[in-house]
Amino acid sequence: MSARLVECVPNFSEGRNREVIEAIASQIRGVAGVTLLDVDAGEATHRTVMTFVGEPGAVAEAAFRAIRKASELIDMRVHRGAHPRQGATDVCPLVPVSEVTTEECVALAHALAERVGRELAIPVYLYEAAATRPERRSLTDLRAGEYEALAEKLRRPEWAPDYGPSEFHARAGATVVGVRPFLIAYNVNLATQNVKLAKEIGLAIREAGRAARDERGEKVYGADGELVRVPGLPCCKATGWYIAEYGRAQVTMNLTDYEVTPPHIAFDRVVELASGLGVRVTGSEIVGLVPRRAVLMAGEHYLRKQRATTGVSEDELVRAARLSLGLDDVAAFDPRQKIIEYRVAEGRPLVGRTVAGFVDDVASSAPTPGGGSVAALSGALAASLTAMVAALSHGRSADRELDARLEEWGRRAQELKAECLAAVDEDTAAFNALMAAARLPKVTAEQQDARASAVREATRWAAAVPLAVLERCPELLELASAVAREGNPNAVSDAGVAGLVARAGASGALYNVIANLKDLDDPLWSADARRRTDEASERVETLSRDLHRFVVERLSGA
């Protein structure tokens, strides 16, 4: 779940010719590391919006290929449609999704724009976060006059493109590349068919707000003669409408920066305003996809309102958000389809197995999954037990400071659980890579050098995975000890078992590090790995011995 993901939502000036649309889409599908999520073509607008996501470099490559194909197949000289446009690829926004900053996306946008301008001779403007000057932040301003005004605009110095020639490209027009936050299309459902009430709430929550009124209902003006406005929620565009399919009115929103106004804040505000109007909120819906973080933020928000711990599994956080926001109210909310990171997540064949299936895999004659994967699973089990004890202990007393510590321990245990689970499959992948490297040809000198390099790299990976598991085990033991000493006394045996499997995981990981280091032709890397192994192993021995002694004494009543 920690993949670096960027979303790209290019808009192409073609919504009718399916062959052209598919040719552009195929360029995106052809780039490894990119997932094409949606192709939305509109005949009246004569425009197609494509949505794809992937690793930053792969996304930039897919965007370039799509822009290039669009410039070959779309002729702006004959284009007519209802939507404003000035280029074959009219706009190409990049959106940071996970583990990628806005600044990184801006650098990516500049690199993409430079390449389009240089290789395709298309004028390129940068907008929003990537804009090179304040007057170019707005897409509407950049597209003023549309394609028909472009030739004249390019003759004026103030309209020189950020990249590419200041020459009119009659066929492709101009392209606008930029960076914007993830936009969440979000609707809150009302138990009424009265659109007026939905619009009333929409006016109150939109960022622009509404006109202030006095006790007589008259608009209020300030000393400067300007209308006084009551602001709404920042980064929120909203109105109300009636959806016949659902038989009810909705407050419909575009949340243009969910870090500023996430869905749960908008939902709570709508509930508050609707209650004042005598209307009940029945639930809400997310239109399209949503970043994982927005859902987890909602889950944590509602658990805190319930005075429950947030140190629970990711599935529980998603469930809390789903139930609290009523996301299944008008249509089923399937996290695997609606959460963007889940849509593009690579399969984890071992972790995804049943317990019985995994045990059978280990018991087979195949060399994987082996001791490294089992050691990583031991670490995940230790973290899981620790998280359980922390959750069982939370809220048992009036000690808020203790609850805060328990919550933090539980949250960290959940993080370590996810990291160890990832290592279950990664250990097997590293072993398979090592076997593949060993099978490389070694007839010529060049082949021998290439094989030696591949074996060395794969061996480092095969040692690095269990080393990372081993280095997590001291923290796992510290957390298990903390919940054993301060948590629910009835669960002290569970904390003790967490310590035992953490020690087992550490020992198993240690064996795998040593086994790989003996074959590694990299003295400096090996020396550093051995030092780290010794340090972690010593801490594990001390911490596990102390925890075992404490648990036995506590259980014995000593």
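Here is what the cut-offs are and how they apply
Residues numbered from 1 in each chain as written. Predicted model: local features only at pLDDT ≥ 70, side-chain atom pairs only at ≥ 80, totals over all residues. Heavy atoms only, no water. Pairing = 2+ DSSP bridges. Helix = DSSP H or I, 4+ residues; strand = E, 2+ residues; numbered from the N terminus. Axes fitted to C-alpha atoms, helices over the stretch in contact; angles between N-to-C directions. Contact = heavy atoms within 4.5 Å. Buried < 20%, exposed > 50% of the residue type's maximum accessible area, 1.4 Å probe, protein only. 1 Å grid on protein atoms, 1.4 Å probe; cavity = no way out; pocket = protein on both sides within 12 Å on 5 of 7 lines; lining within 4 Å. Points joined across faces, edges and corners; volume = space filled by probe spheres on them. Nonpolar A, V, L, I, M, F, W, Y, C, P; charged D, E, K, R; others polar. Expected span 1.5 Å × (residues − 1).

### Considering the pairing of strand β11 (residues 236-243)
Of the pairings in the sheet, the one linking β11 to strand β12 (residues 248-255) comprises eight bridges and is antiparallel in character. For C236, the partnering residue across the bridge sits in β12 and is L255. Between the end of β11 and the start of β12, which pair antiparallel, lie four residues, with G247 showing a positive phi angle near 65°.

### Regarding the sheet that holds β12
Strand order in the open sheet formed by four strands is β11-β12-β8-β13, and the pairing between neighbours is antiparallel. Two strands lie at the open edges of the sheet, namely β11 and β13 (281-287), each paired on one side alone. Averaged over all adjacent pairs, the angle separating strand axes in this sheet is 20°, with direction ignored. Taken strand by strand, helix α7 (residues 263-276) contacts β8 (184-190), β12 and β13, and its axis lies near 25° from that of β8.

### Some points on the environment of A366
Checked against the element boundaries, A366 lands in the loop between α12 (355-363) and α13 (371-393). Judged by relative accessible area, which is 37%, A366 ranks as partly exposed. Considered as a pair, A366 and G278 are 88 residues apart in the sequence and their alpha carbons are 65 Å apart.

### A look at empty space enclosed by the protein
Tallied over the entire structure, the rule returns one cavity of 30 Å³ or more. Considering only enclosed or pocket space, the largest cavity measures out at about 30 Å³ in volume. For the largest cavity, the full set of lining residues is P263, I286, V290, A294, V295, A298, A321, L325 and L327. For the lining of the largest cavity, the element with the most residues is helix α8 (residues 292-305), which contributes three residues. Grouping the amino acids of the lining of the largest cavity by side-chain chemistry returns nine nonpolar, no polar and no charged.

### Observations concerning α8
If you check α8, its first and last C-alpha atoms are 20 Å apart, about what 14 residues at 1.5 Å a residue would give, namely 20 Å. Counting buried positions along α8 yields eleven of 14 residues, so the element is predominantly enclosed. Every buried residue belonging to α8 is among R292, A294, V295, L296, M297, A298, G299, E300, H301, Y302 and L303, and all of these are buried. Looking at the packing, one finds that the buried side of α8 touches β8, α7, α9 (314-324), α11 (340-344) and α14 (400-438). Phi turns positive, to about 60°, at R307, one or two residues after α8.

### As for the layout of surface pockets
By volume, the second largest pocket is sized at about 1100 Å³. Together, 35 residues line the second largest pocket, and V9, V49, R180, L183 and N254 are the ones closest to its centre. Its residues assigned to classes, the lining of the second largest pocket comprises 16 nonpolar, eight polar and eleven charged.

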